[in-house]
Amino acid sequence: MLVMLYGVLFVFFLLEPCPARPNGARSLEVVYKFKRTDIHIAVNSETQAGKVLLPVSNYYLRVNKTTQTQEKFPGVFFIRSSDRYMNRSEISSGSVVPSPFNLTSDGLLLTAGLMAEYNHDKFELVVVGLPGSGSTDEAIIKITVWISEPEDQLKILLNKTLEEVNEDVFAPLSGLVNVTTPYLLVPSGLKDFIDNKNLLFEDKCLLYIHVINPNKRDFVPVSEILRLIDEKYDILKTYYNASQSGIVSITPALQSFEGVVEPAVAALIALLVVVSVAFITTILSCCCLHYCRPEKRRKHSSSKPPIPTSLGPEPVKVKAVENSKKWNR
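Small disclaimer: the values here were computed from a predicted structure and weren't measured.

Rules used in this analysis
Residues numbered from 1 in each chain as written. Predicted model: local features only at pLDDT ≥ 70, side-chain atom pairs only at ≥ 80, totals over all residues. Heavy atoms only, no water. Helix = DSSP H or I, 4+ residues; strand = E, 2+ residues; numbered from the N terminus. Buried < 20%, exposed > 50% of the residue type's maximum accessible area, 1.4 Å probe, protein only. Contact = heavy atoms within 4.5 Å. Areas by Shrake-Rupley, 256 points an atom, 1.4 Å probe, with all protein chains shown as cover. Arc of directions from axis to C-beta. Core = buried A, V, L, I, M, F, W, Y, C linked by side-chain atoms within 4.5 Å. pLDDT = per-residue confidence, 0-100. Pairing = 2+ DSSP bridges. Axes fitted to C-alpha atoms, helices over the stretch in contact; angles between N-to-C directions.

### Here's the deal with the overall build of the protein chain
From N to C terminus, the protein chain includes eight helices and 15 strands. In the protein chain, which comprises 329 residues, the proportion classed as buried is 34%. Long-range pairs, those at least 24 residues apart, make up 70% of the contacts in the protein chain between residues at least 6 apart in sequence. Accessible surface computed for the protein chain: about 22,200 Å², of which carbon and sulfur atoms make up 60%.

### With respect to unusual backbone geometry
The omega angle of the peptide bond from Val97 to Pro98 is 0 degrees, so this bond is cis rather than trans. Within the fold, Pro98 resides in the loop between strand 6 (76–85) and strand 7 (101–103). A positive phi angle, near 55 degrees, is found at Gln68, a position not held by glycine. Note that Gln68 resides in the loop between strand 4 (60–64) and strand 5 (69–72).

### Concerning helix 4 (residues 222–231)
For an α-helix the count is 3.6 residues per turn, leaving residues at separations of three or four pointing the same way. Looking only at helix 4, the buried set comprises Val222, Ile225, Leu228 and Ile229. One face of helix 4 carries all of its buried residues, which in axial projection span an arc of 130 degrees. For helix 4, exposure combined with an orientation more than 90 degrees from the buried face picks out Ser223, Asp230 and Glu231.

### A short note on the nonpolar core
With 48 residues, the main nonpolar core has Ile41, Leu54, Val56, Leu109, Ile143, Val145 and Ile156 as its most contacted residues. Counting residues per element, this core draws most heavily on strand 10 (residues 139–148), at five residues. Residues in contact with Ile143, not counting those within four places in the same chain, are Ile39, Ile41, Leu54, Val56, Leu109, Phe123, Glu124, Leu125 and Val127.

### A few points about the confidence of the model for the protein chain
For the protein chain, mean pLDDT is 78; residues scoring 70 or higher make up 74% of the total. Considering only residues more than four positions removed or in separate chains, one finds that residues 8–25, a stretch of pLDDT under 50, has six contacts.

### Focus: the pairing of strand 9 (residues 122–130)
Counting buried positions along strand 9 yields eight of nine residues, so the element is predominantly enclosed. Note that strand 6 and strand 9 share nine bridges and pair antiparallel. Pairing of Tyr85 across the sheet is with Lys122, part of strand 9. Both strand 9 and strand 10 contribute to a ladder of eight bridges, which runs antiparallel. Bridging from a neighbouring strand, Glu124 pairs with Thr144 of strand 10.

### A closer look at the environment of Phe34
With respect to the helices and strands, the residue Phe34 is situated in strand 1 (residues 30–34). As for Phe34 and Ser57, which are separated by 23 residues in sequence, their C-alpha atoms are 8.8 Å apart. Ignoring sequence-local partners within four residues, the contact set of Phe34 consists of Val56, Tyr59, Tyr60, Phe77, Val127, Gly129, Ala139, Ile140 and Ile141.

### Quick look at the sheet that holds strand 10
Working definition: the strands of a sheet are paired by backbone hydrogen bonds and lie parallel or antiparallel to each other. Strand order in the open sheet made by the four strands is 2-10-9-6, with mixed pairing throughout. The open sheet has two edge strands, strand 2 (38–44) and strand 6, and neither has a second partner. The sheet shows a mean angle of 25 degrees between the axes of neighbouring strands, taken without regard to direction. Across seven bridges, the pairing between strand 2 and strand 10 is parallel.

Below you can see the structure in the form of structure tokens.
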């Protein structure tokens, strides 16, 4: 009888549903973490407030230890600190309050003001991710933001959609790391690709990057990076074909003259050149004709009678004086 009672209690214990975990309790089977724990990005000093720098939520994952699967999770994010390093210094000048950057609830990192004030500086942001508002299961990611000049940028034409690259902007750069070591490749923007005819290509996009020398804590000149890429073009070509990274070309972001001139513009420029040459030729011809016969002009002018320089004596006046003397006599 006692054995049967224990058996009923045991079955009741097995069938009783487990109480729900309180909000914030950590499951031993599920872990929340960032896919990357140390990220470097760059932003131009001319950037205004509201510029999207990075979708932090794309790197926040929920990992199931039992099934060894992971997926993106819409967590809650906030900036814990914003340490400023002036002029690429190794020593922080302290955390800036309020932070020059904002982080939305859905994980978008934005600029909070004009970046020109922090030109040639860098910030180290400590960002915290939580699975819920009341959770204590923190995941931390460090985001280093470099403030740069526009002429330090490179643009990469990718044969991929903007949405695909936006999932992980660091993935297309993995092949370039092999030829740019020890330099650090830092993404600084992502745009749609529009050609010279103002046509939008939805299957392509432009990824803007900066290259940083971590030893000098400064940007590497664009010409130096292009030289390294040209020297190892064969290695990159093999990698592109094998990995299908989608890189089509790498060029400076700022160019003095970019693209092909349209036919109408070329015709207008040619017409202006012809008109200018004709106008200058006409002026020079007139000037030459005006002074082509100087000797004849001198001969003609010398035939004129000379102009007297003196009027000579006044005989009438003298005679009048003599007559007056005779009258006095």
